[in-house]
Amino acid sequence: MEIMRVESPLTVTNRVAGLEHIGLRVVLTSSGSRQVAVDPVGARDGNYVFTVSGSAARFATGNFDIQTDLTIGGIIDGWDEES
Amino acid sequence: MEIMRVESPLTVTNRVAGLEHIGLRVVLTSSGSRQVAVDPVGARDGNYVFTVSGSAARFATGNFDIQTDLTIGGIIDGWDEES
Amino acid sequence: MEIMRVESPLTVTNRVAGLEHIGLRVVLTSSGSRQVAVDPVGARDGNYVFTVSGSAARFATGNFDIQTDLTIGGIIDGWDEES
Amino acid sequence: MEIMRVESPLTVTNRVAGLEHIGLRVVLTSSGSRQVAVDPVGARDGNYVFTVSGSAARFATGNFDIQTDLTIGGIIDGWDEES
Amino acid sequence: MEIMRVESPLTVTNRVAGLEHIGLRVVLTSSGSRQVAVDPVGARDGNYVFTVSGSAARFATGNFDIQTDLTIGGIIDGWDEES
């Protein structure tokens, strides 16, 4: 899993059925690039989180029908800019 | 998922059976490299989209028999060059 | 999927059972590195192709028992050095 | 699989159900970036380990319901800074 | 699949059950980084091989219960330093 920081929600009106009712978030990788993740844990902007990728990302949402390849797995306690 | 920009359709006459009747699009990653994605949402050239990779890309098309590893998951509202 | 160029066949006498009777090809990525792909479409040296990776690569061959992680999905019409 | 070095445990109080009772560890890749892995072998800080990624990471824990994409597969005997 | 060169065996006494009785090898990628692969073909140090990754790596060993994400798929005939 990777350590990322939540940046903001993402607004996507026109999307595929497999991602219909899911909140999406823009997350920043440690190298500064942006990715999009599903968030089942309620992270807030600025939180450091770890993310699950691959087929485990679907299971990690708790609903295998959600067609994501990146899911927030948890909010890291007390992490700051050391990465 | 990753944020990409749609560049153009891609013409491929000779292809495998698992991708026979599917529209393909050239998409640009945030680092400027080109990839090829299946588009089930009807994105237009220049649209910013997010893409789903891995085995979720097949499910995201709505038809698991489509043998893609990259599918456009949605068109991002109001995104511009900030990435 | 990625856009690659076919460079040459690859000769591999000693290989695993899951890749026994398959033609293999060396392909060049857009960044110039070499990879090895299964070719079910009959591409020729110099052709620009797109490649399918991950578990979809097995399905794309038309035979799930072929243990590949990279398969040529189609030959791109009229593509040249623009990538 | 990749060779990594264990850095420290990771404290994550708020996490998804699929990773509820699992010890997580921060591991350093050979290029110096940090990732998060599940540890079923009892590695200690500073140990060199190899890690399993993808769907094999779930099986490697011995419990397919653990929603990880990176698992420590073993502690390497007598490895030091040569990587 | 990728082209790599076998460097040496890897000694790992303490490992997960899914990799218990398997020979592991350190392989060098074309960019010079080290990875760890399962070897079902009997490659020797210095051999150029191609490697299979992802879920196909498990099938390529001939035993899906081996929890690897990288397996040597074959020894390349007559390959030398051109990569």
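Residues numbered from 1 in each chain as written. Chains lettered and ligands numbered in written order. Predicted model: local features only at pLDDT ≥ 70, side-chain atom pairs only at ≥ 80, totals over all residues. Heavy atoms only, no water.

In this structure chain A stays clear of chain C, and the shortest span between their C-alpha atoms is 10 Å. Where chain C comes nearest to chain D, the C-alpha atoms are still 10 Å apart, and the two do not contact one another. (Contact = heavy atoms within 4.5 Å.)

Let us now look at the relation of the copies chain D and chain A. Each of the two chain copies goes to the other by way of a rotation about an axis and a shift along it. At an RMSD of 0.0 Å, chain D and chain A line up after a rotation of 72° and a shift of 0.0 Å along the axis. Overall, the copies show the geometry of a five-fold rotation axis. Mapped onto chain A, only 5% of the interface residues of chain D are again interface residues, and the two copies thus contact each other with different surfaces. (Least-squares fit on C-alpha atoms with pLDDT ≥ 70 in both.)

Time to look at a nonpolar patch on the surface. The grouping of F59 and F64 of chain A, F59 and F64 of chain B, F59 and F64 of chain C, F59 and F64 of chain D together with F64 of chain E at the surface amounts to a nonpolar patch, some 680 Å² of accessible area in total. Note on placement: F64 of chain A falls in the loop between α1 (56–60) and β6 (70–75). (Patch = residues over 30% accessible without salt bridge, like charges linked within 9 Å, V, L, I, M, F, W, Y side chains within 5 Å. Areas by Shrake-Rupley, 256 points an atom, 1.4 Å probe, with all protein chains shown as cover. Salt bridge = Lys/Arg side-chain N within 4 Å of Asp/Glu carboxyl O. Helix = DSSP H or I, 4+ residues; strand = E, 2+ residues; numbered from the N terminus.)

If you rotate chain D by 72° and push it 0.0 Å along the axis, it lands on chain E with an RMSD of 0.0 Å. Interface overlap between copies is the fraction of interface residues in one copy that are interface residues in the other; for chain D against chain E it is only 5%, indicating separate surfaces.

What follows deals with the confidence of the model for chain A. Overall, the prediction assigns chain A a mean pLDDT of 93, with 96% of residues at 70 or greater. Within chain A, strand β2 (residues 14–15) of chain A has the poorest average pLDDT of any element, 94, and strand β5 (residues 48–53) of chain A the best, 98. (pLDDT = per-residue confidence, 0-100.)

Another aspect to go through is the interface of chain D and chain E. Each partner contributes to the interface: chain D provides 22 residues, whereas chain E provides 21 residues. When chain D packs against chain E, close to 1800 Å² is buried across both sides, 59% of that on carbon and sulfur atoms. The largest contributions to the chain D side of the interface with chain E come from M1, F50 and D77 of chain D, which together make up 35% of the buried area. Between the two partners, chain D and chain E, sit zero salt bridges. Connecting chain D to chain E are nine residue pairs in polar contact (both at pLDDT 80 or more). Going through the elements one at a time, β1 (2–9), β5 (48–53), α1 (56–60) and β6 (70–75) of chain D are the ones with two or more residues in the side of chain D that touches chain E. (Buried area = accessible area lost by both parts, 1.4 Å probe. Polar contact = N/O pair within 3.5 Å; in protein donor to acceptor, adjacent residues only side chain to side chain.)

This part takes up the interface of chain D and chain A. Contact residues are listed per partner, giving 21 residues for chain D and 22 residues for chain A. Regarding the contact of chain D and chain A, the summed buried area is about 1800 Å², with carbon and sulfur atoms giving 59% of it. There are zero salt bridges connecting chain D and chain A. Remark: the boundary between chain D and chain A carries nine residue pairs in polar contact (both at pLDDT 80 or more). Those elements giving two or more residues to the side of chain D that touches chain A turn out to be β2 (14–15), β3 (24–28) and β4 (34–38) of chain D. Here the element with the most residues in the side of chain D that touches chain A is β4 of chain D; it accounts for four residues. Residue composition of the side of chain D that touches chain A, by class: ten nonpolar, seven polar and four charged. Both β6 of chain A and β2 of chain D contribute to a ladder of two bridges, which runs antiparallel. Opposite I75 of chain A, over in β2 of chain D, you have N14 of chain D as the bridge partner. (Nonpolar A, V, L, I, M, F, W, Y, C, P; charged D, E, K, R; others polar. Pairing = 2+ DSSP bridges.)

With that out of the way, let us pick up the environment of V41 of chain D. Here V41 of chain D lies in the loop between β4 and β5. Along the backbone, V41 of chain D and I75 of chain D are 34 residues apart, and their C-alpha atoms lie at a distance of 7.6 Å.

This next bit is on the environment of D69 of chain A. Looking at where D69 of chain A falls in the secondary structure, it is placed in the loop between α1 and β6. Residue D69 of chain A is classed as buried on the basis of its relative accessible area, which comes to 9%. In the structure, D69 of chain A is positioned 33 residues away from V36 of chain A in sequence and 9.2 Å away in space, judged by C-alpha atoms. Beyond its immediate sequence surroundings of up to four residues, D69 of chain A is in contact with V52, S53, G54 and A57 of chain A together with M1, T51, V52 and S53 of chain B. (Buried < 20%, exposed > 50% of the residue type's maximum accessible area, 1.4 Å probe, protein only.)

With that settled, the discussion passes to the pairing of strand β4 (residues 34–38) of chain E. Residue and element names in this part refer to chain E. Burial analysis of β4 places four of its five residues in the buried class, the great majority of the element. Here five bridges tie strand β3 (residues 24–28) to β4, and the two strands are oriented antiparallel to one another. The residue bridging L28 from the neighbouring strand is R34, located in β4. Hairpin remark: β3 followed by β4, antiparallel, with five residues in the connecting loop; positive phi at G32, about 90°.

Residues and elements named next belong to chain C. Of all five residues in strand β3 (residues 24–28), five are buried; the element is thus mostly enclosed. Here β3 shows two buried faces, one formed by L24, V26 and L28 and the other by R25 and V27. As judged from the four bridges shared by strand β1 (residues 2–9) and β3, these two strands associate in the antiparallel manner. Of the residues in β3, the one forming a bridge with P9 is R25.

A word on the pattern of salt bridges. If you walk through the whole model with that rule in mind, you get 15 salt bridges over all chains. The closest approach of N and O atoms between R25 of chain A and D45 of chain A, which form a salt bridge, is 3.0 Å. Of this pair, R25 of chain A sits in strand β3 (residues 24–28) while D45 of chain A sits in the loop between β4 (34–38) and β5, placing them 20 residues apart in sequence. Among the salt bridges present, the one from E7 of chain C reaches R34 of chain C, with a minimum N-O distance of 3.0 Å. Residue E7 of chain C is located in strand β1, and its partner R34 of chain C is located in strand β4 (residues 34–38); the two are separated by 27 residues in the primary sequence. Judged by its relative accessible area of 26%, E7 of chain C falls in the partly exposed class. Connected through salt bridges with shared partners, the residues R25, D39 and D45 of chain A form a single ionic network.

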